[in-house]
Every structure is written in C-alpha cells, then in structure tokens.
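Understanding the architecture of this molecule
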Amino acid sequence: MNKLVTASEMKHFDSYTINTIGIPSLVLMERASLAVRDFILNSNYDLTNVVVVAGYGNNGGDGLCVARLLKIAGVHVSVVPVGNSDHESVEHATQSKICQYYQIDLNAKLAALEHATLVVDAIFGIGIDRTVLGAQATAIDKINQSNTPVIAVDMPSGINTDTGELMGTAVKATATVTFAFNKIGLTIVAGPTYAGNVTIADDMGTYDIA
Ligand SMILES: NC(=O)C1=CN([C@@H]2O[C@H](COP(=O)(O)OP(=O)(O)OC[C@H]3O[C@@H](n4cnc5c(N)ncnc54)[C@H](O)[C@@H]3O)[C@@H](O)[C@H]2O)[C@H](O)CC1
Ligand SMILES: [K+]
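The rules behind each value
Residues numbered from 1 in each chain as written. Chains lettered and ligands numbered in written order. Predicted model: local features only at pLDDT ≥ 70, side-chain atom pairs only at ≥ 80, totals over all residues. Heavy atoms only, no water. UniProt positions renumbered as here; feature names shortened; annotations may be inferred. 1 Å grid on protein atoms, 1.4 Å probe; cavity = no way out; pocket = protein on both sides within 12 Å on 5 of 7 lines; lining within 4 Å. Helix = DSSP H or I, 4+ residues; strand = E, 2+ residues; numbered from the N terminus. Buried < 20%, exposed > 50% of the residue type's maximum accessible area, 1.4 Å probe, protein only. Pairing = 2+ DSSP bridges. Axes fitted to C-alpha atoms, helices over the stretch in contact; angles between N-to-C directions. Points joined across faces, edges and corners; volume = space filled by probe spheres on them. Donors = N, O, S within 2.8 Å, 3.2 Å for Na, K, Ca; no water. Tetrahedral: all angles 85-135°; square planar, octahedral: opposite > 155°, others 65-115°. Salt bridge = Lys/Arg side-chain N within 4 Å of Asp/Glu carboxyl O. Contact = heavy atoms within 4.5 Å. Phe/Tyr/Trp six-rings, centres within 6.5 Å; stacked < 30°, edge-to-face > 60°. Lys NZ or Arg CZ within 6 Å of the ring centre and 35° of its normal. Near = heavy atom within 4 Å. Polar contact = N/O pair within 3.5 Å; in protein donor to acceptor, adjacent residues only side chain to side chain. Areas by Shrake-Rupley, 256 points an atom, 1.4 Å probe, with all protein chains shown as cover. Sits in = over half its atoms within 2 Å of the grid points. Nonpolar A, V, L, I, M, F, W, Y, C, P; charged D, E, K, R; others polar.

Glancing now at the UniProt feature "binding site: K(+)" (unreviewed entry) in the protein. The sites that carry the UniProt feature "binding site: K(+)" (unreviewed entry) are, in the present numbering, N59, D121 and S157. Annotated residues spanning 99 residues; largest pairwise C-alpha distance 9.4 Å, indicating a single compact cluster. Filtering the just-named annotated residues for those lining the largest pocket gives N59. Tracing the sequence through the fold places D121 in strand β4 (residues 118-122). According to the relative accessible area criterion, D121 is buried, its value standing at 0%.

The structure is reproduced here in structure tokens:
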C-alpha cells in the first residue's frame, strides 16, 4: 500500500534524495516527466495538439520537460507560460533553455486551449501555499472551460496537497500523475473529484527516509 504524504514530507524526501544521497534534482525532474510522457503516450487521448500550461516553479519545469519529451516522440506540442517569470526556478530556467533547441513554442497564448486536443496542467504542484488569483486563476478557469481532457502533473493545480481543499479554484483533471508517493490531498475533500484517475509514479528514485 503506497504511503500518503504531505507536501512538507515530500519536500523533505526530495531534498534528502538530492542533497544527501546525491541524485540531482534535474534527474528527478527527468524521471518524473518521463512518467508523465509514458502515461500520455500509452493512453488513448488524441495527441494531435497537446498544450502544456506551465507555471514558473518546478511543476512548470516538469511541464517544459514533458513538452520536450513529447516533441521528441513526434507529438505537436506548445507551452502556455503562466505567472511571474521573475519567480522562475533554476530547474525551470534549465528546462526552458533545453526546449529552445527543440523548436517548441514556449510562449503560446491561452487561446491555444481552444484548439487543444489534450492539456497538460503544470501550473502548480506541491508548492501551492496560498489562494490562486490573477493570471493563474484565469488560466485554470480557461482550462476547465475548454472541455478538453487534462493530465495534471503531480497535483491538479489549485488543490491543497495536505487538505484536498480548493485554493480558490483548481484544475478539474481527467487524470493525475503524482510523483513518488500519493499525496493526502488527492484522497480527501475536493482532491478525488479534481484529480481524476491518479497514477503514482513510484519508481522515481525519491528516497523514503521513513
Ligand atoms: N517529488 C518529486 O520527486 C519531484 C517533484 N518535482 C516537481 O516540483 C514540484 C514542486 O515545485 P515547487 O517549485 O516547489 O512549487 P510549484 O511548482 O508547485 O509552485 C511554484 C511556486 O508558486 C508559488 N505559489 C504557491 N502558491 C501560489 C499561488 N496561489 N499563486 C501564485 N504563486 C504561488 C510558490 O512560491 C511556489 O514555489 C512538484 O509538485 C513536482 O511537480 C520535481 O520537479 C521532480 C521531482
Ligand atoms: K499541476
């Protein structure tokens, strides 16, 4: 039975894996993104036009990595950036630089959702810590209005990792691929409804220091 973790427990396992054991964060990001890519490629979703909606943290970094991996697999994919680029994480910047070598549109507009056949939600993961407002709330509402299948990266954006509560608004995902361990917030309150079918990518290599 896969354990259920909180955001802080997950962050503790991540940092132990990265800083003590020595698996680089970009390696974990690549393994997480490969799990999302495999889930998508092994599914029956229409991959004619995949749109990744990405924040500027590491959840967004995963989204950029997924976009690259799908492009390499021959999928037509574009990225809609959402949020404040001043808050870009180091890993997100690295993934953004890599994507530029694969001719991926990293500045698509939200209007791209009107023609998407599949949406990848990479706005927020376990780092969400306050009510969703502004550009991120607009993006989430546009995703929900698009009536397009949505694959959430790690968490449906807007759902609190620990409580399962809506942080103002949240992506209503068709399916969620969550990393290493299941999250408490995916199993209670609004989590199950907004997560859809949950797949746990439990072979990430993230160390479980019980
Ligand atoms: N567990 C693993 O093995 C791996 C997890 N990864 C991915 O990293 C994210 C967590 O990334 P992080 O940068 O800590 O946070 P987020 O990307 O979720 O959020 C970004 C950033 O946004 C700020 N924020 C929080 N709430 C709000 C809000 N309501 N409005 C605006 N901004 C907000 C806050 O500062 C956050 O830091 C995890 O989910 C995985 O997807 C690794 O990449 C791969 C391995
Ligand atoms: K997400």
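Anyway, onward from the coordinates.
Before going further, it helps to spend a moment on the sheet that holds strand β5 (residues 150-153). The strand order β3-β2-β4-β5-β6-β8 describes an open sheet built from six strands, whose pairing is parallel. The strands lining the two open edges of the sheet, one partner per strand, are β3 (77-81) and β8 (197-201). Direction aside, the axes of adjacent strands within the sheet are offset by 20° on average. Alignment of strand β6 (residues 175-179) against β8, held across five bridges, turns out to be parallel. Counterpart to F179 in the pairing with β8 is A201.

Below, the discussion takes up the layout of surface pockets. The calculated volume of the largest pocket comes to roughly 970 Å³. In terms of lining, the largest pocket is formed by 38 residues, of which the most central are G57, N58, N59, G125 and G127. Put simply, the parts of the chain that give the lining of the largest pocket at least two residues each are α1 (7-21), α2 (25-41) and α3 (58-72).

Protein ligation of the potassium ion (ligand 2) involves N59 (OD1), D121 (O), F124 (O), V153 (O), M155 (O) and S157 (OG), the donor distances falling in the range 2.5 to 3.0 Å. Each of the six donor atoms around the potassium ion (ligand 2) contributes to a set of angles spanning 67 to 169°, which defines the coordination as irregular. We note that the donor set of the potassium ion (ligand 2) lies within a single chain, spaced as N-x61-D-x2-F-x28-V-x1-M-x1-S. In this pair, D121 sits in strand β4 while V153 sits in strand β5, placing the two residues 32 residues apart along the sequence. Grouping residues by exposure puts D121 and V153 together as buried.

Working definition: two side chains of opposite charge can pair if their charged atoms are close together. If you walk through the whole model with that rule in mind, you get four salt bridges. When the shortest N-O distance is used, the salt bridge between R37 and D38 registers 2.7 Å.

Summarising the element assignment, T206 is placed in the segment after β8. Sequence-wise, T206 and F13 are 193 residues apart; in three dimensions their C-alpha atoms are separated by 6.5 Å. Look past the residues within four positions of T206 in its chain and what remains in contact with it is M10, F13, D14, T17, L28, A180 and F181.

Here the focus is the packing of aromatic side chains. What the rule picks out here adds up to two aromatic pairs. Between the aromatic rings of F13 and F181, the centroid separation amounts to 5.4 Å while the plane-to-plane angle is 65°, which identifies the pairing as edge-to-face. Placement of F13 in helix α1 and of F181 in the loop between β6 and β7 (182-183) is noted, with a sequence separation of 168 residues between them. We note that F13, like F181, is buried. On the basis of an interplanar angle of 35° and a centroid distance of 5.6 Å, the ring pair of Y16 and Y207 is categorised as tilted. Of the two residues, Y16 sits in helix α1 while Y207 sits in the segment after β8, which places them 191 residues apart along the sequence. Positioned above the aromatic ring of F181 is the side chain of K3, whose terminal nitrogen or guanidinium carbon lies 5.6 Å from the ring centre.

This brings us to the site of ligand 1. Not every one of the 22 residues close to ligand 1 is listed here, only the nearest: N59, D62, G125, R130 and D154. Measuring from an oxygen atom of ligand 1, one finds a backbone N or O atom of I126 at 2.9 Å. D129 places a polar main-chain atom, nitrogen or oxygen, 3.1 Å from a nitrogen atom of ligand 1. Calculation on ligand 1 without its partners gives an accessible area of 850 Å², and the protein chains cover 81% of this total. Counting atoms within 2 Å of the grid points, the majority share of ligand 1 lands in the largest pocket. When contributions to the shell around ligand 1 are tallied by element, the ones reaching two or more residues are α1, α2 and α3. Among the elements that line the shell around ligand 1, the one with the most residues is α3, at three residues. By residue class, the composition of the shell around ligand 1 is nine nonpolar, eight polar and five charged.

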